[in-house]
Amino acid sequence: AQKVTQAQTEISVVEKEDVTLDCVYETRDTTYYLFWYKQPPSGELVFLIRRNSFDEQNEISGRYSWNFQKSTSSFNFTITASQVVDSAVYFCALALVKAAGNKLTFGGGTRVLVKP
Amino acid sequence: DAGVTQSPTHLIKTRGQQVTLRCSPISGHKSVSWYQQVLGQGPQFIFQYYEKEERGRGNFPDRFSARQFPNYSSELNVNALLLGDSALYLCASSHRQGNYEQYFGPGTRLTVT
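Along each chain, residue indices are assigned from 1 in the same order as the chain's sequence is written. Chains carry letters from A onward and ligands carry numbers from 1 onward, assigned in written order. Local features in this predicted model are restricted to residues whose pLDDT is 70 or higher, and side-chain atom pairs enter the listing and the counts only when it is 80 or higher, whereas totals over whole chains, interfaces and linings include all residues. Each side-chain value is worked out from all heavy atoms of the structure, with water and hydrogens disregarded.

Draft legend 1. Up close: the environment of Asn 67 of chain A. All names here are of chain A. Examined against the element boundaries, Asn 67 turns out to sit in strand S8 (residues 64-69). Take Asn 67: its relative accessible area is 29%, and that puts it in the partly exposed class. Contacts: residue pairs with any heavy atoms within 4.5 Å of one another. Every residue in contact with Asn 67, bar those within four places of it in the chain, is listed here: Asn 58, Ser 74, Phe 75 and Asn 76. Helical segments are the DSSP runs of H or I of at least four residues, strand segments are the runs of E of at least two, and each set is numbered from the N terminus. Each residue is assigned to one of three classes by its accessible area relative to the maximum for its type, calculated with a 1.4 Å probe on protein chains only: buried under 20%, partly exposed between the two thresholds, exposed over 50%.

What follows is the structure, given as C-alpha cells:
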C-alpha cells in the first residue's frame with residue numbers, strides 16, 4: 001500500500017520569508033508520479049507540479065521550487081520570498097502507474113499562513 | 001475554457017437520506033474522478049470513470065455509487081447518509097486513462113445532520 005506523509009500540519013511565516021514544505025512517500029512500486037496541489041480557502045485544488053519517478057531533476061518555477069530525492073523518498077516544496085497570496089493548504093500526492101484508476105493518494109496537508 | 005464545474009455548491013441533508021452530486025469535466029477530458037475530503041484531512045479517492053466505465057474504486061462502502069454519461073459528465077450518489085459522510089466532495093477530470101494530471105472542481109460541501 002502507498003502512503004504520503006506531510007509531518008508539518010501548519011507553518012506560519014512573515015511575508016518575504018522562505019518556507020519549505022516536507023513530503024515523504026512510501027511505495028514499493030518503481031513507477032509512480034508525485035504531485036503538489038494548493039488549496040486556497042475557496043476549496044478548489046490547484047495543480048502545481050507533477051514529477052515522474054525517473055526524473056530526479058529539481059525544478060524551479062518562479063518563486064516555487066521542488067526537490068525530489070528517491071534515496072530518501074522525499075519530494076519537498078519551497079516557496080521563496082513568500083507572499084500573503086501563498087496562504088493556503090498544500091497537499092503532496094502520489095499516483096502509482098500500475099494501480100487501477102487515476103488514483104491520487106494525498107498526504108494530510110500543510111497549512112501555510114503568510115503574515116504581512 | 002471553462003474548468004471543472006460541480007453542482008450544487010452546498011447541500012444539507014438528514015441522516016438516512018440520499019444525495020446526488022454532479023460534475024462536468026473540462027471540455028475534451030474523458031476521465032472523471034471523485035474524492036471525499038473530510039475537514040482537516042487530505043482528499044480520499046472514491047471512484048474513477050473513463051469512457052463511461054468504472055476504472056478504479058477506493059475503500060468506500062457500497063452506499064457510494066457513480067456513473068458517467070456519454071458527454072463525460074458524472075454523478076456521484078450516496079445512499080443512507082451518515083453523519084460521517086459530511087465532507088467536501090471533489091471532482092477531478094483528466095484527458096484520458098493513465099493521465100494523472102488531474103484538474104479539480106470547486107467541490108460540493110455536503111452537511112449531514
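Draft legend 2. Spatial organisation of the sheet that holds strand S8 (residues 74-78) of chain B. Residue and element names in this part refer to chain B. Strands sit in the order S1-S3-S8-S7 across an open sheet of four strands; the sheet is antiparallel. Pairing within the sheet leaves two strands with one partner each, and these edge strands are strand S1 (5-7) and strand S7 (64-68). Sheet twist, expressed as the mean angle between neighbouring strand axes with direction ignored, is 15°. Pairing between strands requires that DSSP locate at least two bridges from one strand to the other. Where S7 lies against S8, five bridges are found, and the strand directions are antiparallel. By the bridge assignment, Ser 65 is partnered in S8 with Asn 77. Orientation is described by lines fitted to C-alpha atoms, with helices fitted over the stretch in contact, and by angles between N-to-C directions that extend from 0 to 180 degrees.

Draft legend 3. Seen up close, the interface of chain B and chain A. Taken together, the contact pairs 26 residues of chain B with 22 residues of chain A. For the pair chain B and chain A, the two sides together bury roughly 1800 Å², of which 55% comes from carbon and sulfur. Two N or O atoms count as a polar contact when they lie within 3.5 Å, although within protein this holds only if one can serve as hydrogen donor and the other as acceptor, and sequence-adjacent residues are included solely when both atoms are side-chain atoms. Linking chain B with chain A are three residue pairs in polar contact (both at pLDDT 80 or more), by the criterion used here. Elements with a minimum of two residues in the side of chain B that touches chain A: strand S4 (31-37), strand S5 (44-50), strand S6 (53-57), strand S9 (87-94) and strand S10 (103-104) of chain B. Considering each element in turn, the side of chain B that touches chain A owes the most residues, four residues, to S4 of chain B. In this classification, Asp, Glu, Lys and Arg are treated as charged, Ala, Val, Leu, Ile, Met, Phe, Trp, Tyr, Cys and Pro as nonpolar, and every other residue, Gly included, as polar. Tallied by class, the residues present in the side of chain B that touches chain A amount to nine nonpolar, 14 polar and three charged. Buried area adds together the accessible area that both of two parts lose upon being put together, with accessible area traced by a 1.4 Å probe.

Draft legend 4. Structural detail: the pattern of salt bridges. By salt bridge we mean one thing: a side-chain nitrogen of Lys or Arg within 4 Å of a carboxyl oxygen of Asp or Glu. Under the criterion given, the structure shown has 10 salt bridges over all chains. Ionic pairing is found between Glu 51 of chain B and Lys 30 of chain B, a salt bridge with its closest N-O pair at 3.7 Å. Within this pair, whereas Glu 51 of chain B is found in the loop between S5 and S6, its partner Lys 30 of chain B is found in the loop between strand S3 (19-24) and S4, the two being separated by 21 residues in sequence. Here Glu 51 of chain B falls in the partly exposed class, since its relative accessible area comes to 28%. Glu 54 of chain B is the salt-bridge partner of Arg 57 of chain B, the closest N and O atoms lying 3.3 Å from each other. For Arg 57 of chain B, a relative accessible area of 41% puts it in the partly exposed group. On the basis of relative accessibility, which here comes to 36%, the residue Glu 54 of chain B falls in the partly exposed class. Counted as one network, the salt bridges with shared partners bring together Arg 51, Asp 55 and Glu 59 of chain A.

Draft legend 5. Structural context of the environment of Leu 113 of chain A. Residue and element names in this part refer to chain A. Looking at the element boundaries, Leu 113 is found in strand S12 (residues 110-115). Once the C-alpha coordinates of Leu 113 and Ser 87 are considered, the two residues, 26 residues apart in sequence, prove to be 4.8 Å apart. The residues contacting Leu 113, other than those within four sequence positions of it, are Ile 11, Ser 12, Val 13 and Ser 87.

Draft legend 6. Main features of the packing of aromatic side chains. For this analysis, a ring pair means two rings from Phe, Tyr or Trp (six-membered ring only for Trp) whose centres lie within 6.5 Å, classed as stacked if their planes differ by under 30 degrees, edge-to-face if by over 60, and tilted for the remaining angles. Counted under the stated rule, the structure contains 22 aromatic pairs over all chains. Taken together, the aromatic side chains of Tyr 33, Phe 35, Tyr 37, Phe 47, Phe 91 and Phe 106 of chain A together with Tyr 35, Phe 45, Tyr 103 and Phe 104 of chain B make up a single cluster linked through ring pairs.

Draft legend 7. Highlighting unusual backbone geometry. Residue and element names in this part refer to chain B. Here the amide bond leading from Ser 7 into Pro 8 is cis, since omega sits at -10°, within 30 degrees of zero. Structurally, Pro 8 is set in the loop between S1 and strand S2 (10-13). In the Ramachandran plot, Glu 51 falls in the positive-phi region, its phi being about 50° despite a non-glycine side chain. In this structure, Ala 80 takes a positive phi of about 45° despite not being glycine. By the secondary structure assignment, Ala 80 is in the loop between S8 and S9.

Bear in mind that shape data such as this cannot, by itself, settle questions of function.
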